[in-house]
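Working through the structure, step by step
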Amino acid sequence: MAASTPLLTDELDIVIPTIRNLDFLEMWRPFFQPYHLIIVQDGDPTKTIAVPDGFDYELYNRNDINRILGPKASCISFKDSACRCFGYMVSKKKYIFTIDDDCFVAKDPSGKDINALEQHIKNILCPSTPSFFNTLYDPYREGADFVRGYPFSLREGAPTAVSHGLWLNIPDYDAPTQLVKPRERNTRYVDAVMTIPKGTLFPMCGMNLTFDRDLIGPAMYFGLMGDGQPIGRYDDMWAGWCVKVICDHLGLGVKTGLPYIWHSKASNPFVNLKKEYKGIFWQEEIIPFFQAATLSKDCTTVQQCYIELSKQVKEKLGKVDEYFIKLSDAMVTWIEAWDELNPPTKSSAKLANGST
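Keep in mind the model is a prediction, meaning the values are calculated, not measured.

1. Section: the overall build of the chain
Broken down by element type, the chain carries eleven helices and nine strands. For a compact globule of 356 residues, the expected C-alpha radius of gyration is about 21 Å, and the chain comes in at 20 Å, within 12% of that figure. Its C-alpha atoms give the chain principal-axis dimensions of roughly 55 × 55 × 45 Å. Counting only residues that meet the buried cut, the chain has 52% of its 356 residues in that class. For the chain, restricting intrachain contacts to residue pairs at least 6 apart in sequence, the fraction spanning at least 24 positions comes to 74%.

Structure representation (structure tokens):
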């Protein structure tokens, strides 16, 4: 069977955070080579990262981030994969696919290589159903539809802002679960894509993720993590909670399920526990905060939503720990940096001005 023509080659960037040579790209070559890569090098900027021949890419290290953002570079994490969100900011494409360098090509139950990017694109190009759950999952997939009792008025769905993929082999567990189940591997391939319902939060993993930059990009800030911060491994979680609250407010959809990647290696659970320790306690207050968060009708752009959310973070979560005061300030800095690199178009500026 002939390989399918790659979709959105001029409209999608692949963002990869790394501290090592990108040999893993060889196995992804059939799927990634037609696309532009943005590589965000973490750690020592003097180290040279080798990229296999034949890929179209740009690479940014910490020196580049400091040069491009100046004082606002303080909002980009160091020594943490959260640095990937710098790639989202400098991209000029409509869509982003981000993947970790320990994620390999998975195989479906028939033994065929899974083109994760192609499935993500399918997910994001068709609508979501956040307002009413369809028991046959994604009704827009071939061979599925809306079931009896599904309101016809909701069958157009909502624009899809995020496609969240999953992992075979090493599951994305927290440190306590890793310690209790060190040998557990995910071997279950569930052939399903579903919309996460409106009003429901989820743990967003950043290692196999696609989103529409135009619809939700400014909210995809992976927070302050890593070097000099009291917490790590909550970068994608933080982004996911912010994104979901804003998607619910703006009437956008988030999908999870296919595609799978093969997550090749487990990170050290003892190192992870040190990074996650405070987050494990804090999330018991963070989650109720996001569950209760509401945004005013005046917030009609992602930026306005995000700034309002940052104020609520400072006011409510600032009482939990002073880290959240620093984080809320970084959220504002992130939006300022985003707008500097991505000046609003006249039409969106008019919309924003008309709503204030």
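2. Points about the packing of aromatic side chains
Between two aromatic rings, the relevant description is the distance of the centres plus the angle of the planes. Scanning the entire structure with this criterion turns up 22 aromatic pairs. Summarising the aromatic geometry, the rings of Phe132 and Tyr150 are spaced 4.9 Å apart at their centres and angled 80 degrees between planes, so their arrangement reads as edge-to-face. Taken together, the residues Phe132 in the loop between helix H4 (116–125) and strand S6 (160–169) and Tyr150 in the loop between H4 and S6 connect sequence positions 18 residues apart. Under the relative-accessibility criterion, Tyr150 is labelled buried at 3%. Between Tyr234 and Trp241 the ring centres are 6.5 Å apart and the planes differ by 45 degrees, which places this aromatic pair in the tilted class. Across the pair, exposure class does not vary: Tyr234 and Trp241 are buried alike.

3. As for the pairing of strand S1 (residues 12–18)
The element S1 is largely enclosed, with a buried count of seven among its seven residues. By the alternation rule, side chains of S1 split into Leu12, Ile14, Ile16 and Thr18 and Asp13, Val15 and Pro17, which are all buried. Two elements, S1 and strand S4 (residues 95–99), share four bridges in a ladder whose sense is parallel. Looking at the pairing, Val15 lines up with Thr98 of S4. Note that S1 and strand S2 (residues 36–41) share six bridges and pair parallel. In the strand pairing of S2, Val15 is matched with Ile38. With helix H1 (residues 25–32) bridging S1 and the parallel S2, this β-α-β connection has right-handed handedness.

4. Looking at the pairing of S2
Both faces of the sheet carry side chains from a regular strand, because those side chains alternate between them. With respect to burial, S2 is a largely interior element, six of its six residues being buried. Burial along S2 is two-sided: His36, Ile38 and Val40 and Leu37, Ile39 and Gln41, pointing in opposite directions, are all buried. Here five bridges tie S2 to strand S3 (residues 56–60), and the two strands are oriented parallel to one another. Within S3, the position partnered with His36 by the bridge is Asp56.

5. Section: helix H8 (residues 269–292)
Spanning 24 residues, H8 covers 32 Å between terminal C-alpha atoms, matching the ideal 34 Å at 1.5 Å per step. At Glu276, H8 shows its strongest bend, of approximately 50 degrees. Residues of H8 that are buried: Pro269, Asn272, Glu276, Gly279, Trp282, Ile286, Phe289 and Phe290. Where H8 is buried, its residues contact helix H5 (175–180), helix H7 (235–250), helix H9 (302–316) and helix H10 (323–341).

6. A few points about the packing of H9 against H10
Close contact between H9 and H10 brings their axes to 8 Å; oriented N to C, the two are set at 165 degrees. As judged from the angle between their axes, H9 and H10 are roughly antiparallel. With respect to the hand of their crossing, H9 and H10 are arranged in left-handed fashion. Contacts between H9 and H10 involve Gln303, Tyr306, Ile307, Leu309, Ser310, Val313 and Lys314 from the former and Phe324, Ile325, Ser328, Asp329, Met331, Val332, Trp334, Ile335, Trp338 and Asp339 from the latter. By residue class, the composition of the contact of H9 with H10 is eleven nonpolar, three polar and three charged.

Calculation rules
- One numbering rule holds for all chains: residues counted from 1, following each sequence as written.
- Only residues with pLDDT of at least 70 are given local features in this predicted model, and only at 80 or more are side-chain atom pairs given and counted; all residues enter the totals for whole chains, interfaces and linings.
- Working from all heavy atoms in the structure, the side-chain values ignore hydrogens and water.
- Helix and strand definitions here come from DSSP, where helices need a minimum of 4 consecutive H or I residues and strands a minimum of 2 consecutive E residues; each element is numbered from the N-terminal end.
- Each radius of gyration reported is based on C-alpha atoms, and the globular scaling rule is 2.2 Å times the count of residues to the power 0.38.
- Categorising residues by exposure relies on relative accessible area from a 1.4 Å probe, with only protein chains included: less than 20% of the type maximum marks a residue as buried, more than 50% marks it as exposed, and the intermediate range marks it as partly exposed.
- Contacts were defined at the residue level, with two residues in contact if any of their heavy atoms lie within 4.5 Å.
- Side-chain rings of Phe, Tyr and Trp (the six-membered ring for Trp) are treated as a pair once their centres are within 6.5 Å; stacked means planes under 30 degrees apart, edge-to-face means over 60, and tilted covers the remaining angles.
- For two strands to pair, DSSP has to find at least two bridges joining them.
- Look down the strands so they point away from you; if the path from the first strand over the helix to the second goes clockwise, the crossover is right-handed.
- A helix is expected to span 1.5 Å for every residue after the first.
- Each residue is assigned a bend, namely the angle between axes fitted to the seven residues that terminate at it and the seven residues that start at it.
- Here an axis means a line fitted to C-alpha atoms, over the contact stretch when the element is a helix, while the angle between two N-to-C directions is reported on a 0 to 180 degree scale.
- For classification, angles of less than 35 degrees are called roughly parallel, those exceeding 145 degrees roughly antiparallel, those between 65 and 115 degrees roughly perpendicular, and all remaining angles oblique.
- By convention the crossing between two helices is left-handed if the near helix lies anticlockwise of the far one by an angle smaller than a right angle, and right-handed if it lies clockwise.
- In this count, Pro and Cys sit with the nonpolar residues alongside Ala, Val, Leu, Ile, Met, Phe, Trp and Tyr, while Asp, Glu, Lys and Arg are called charged and the others, Gly among them, polar.

That is the geometry; function is a separate question.
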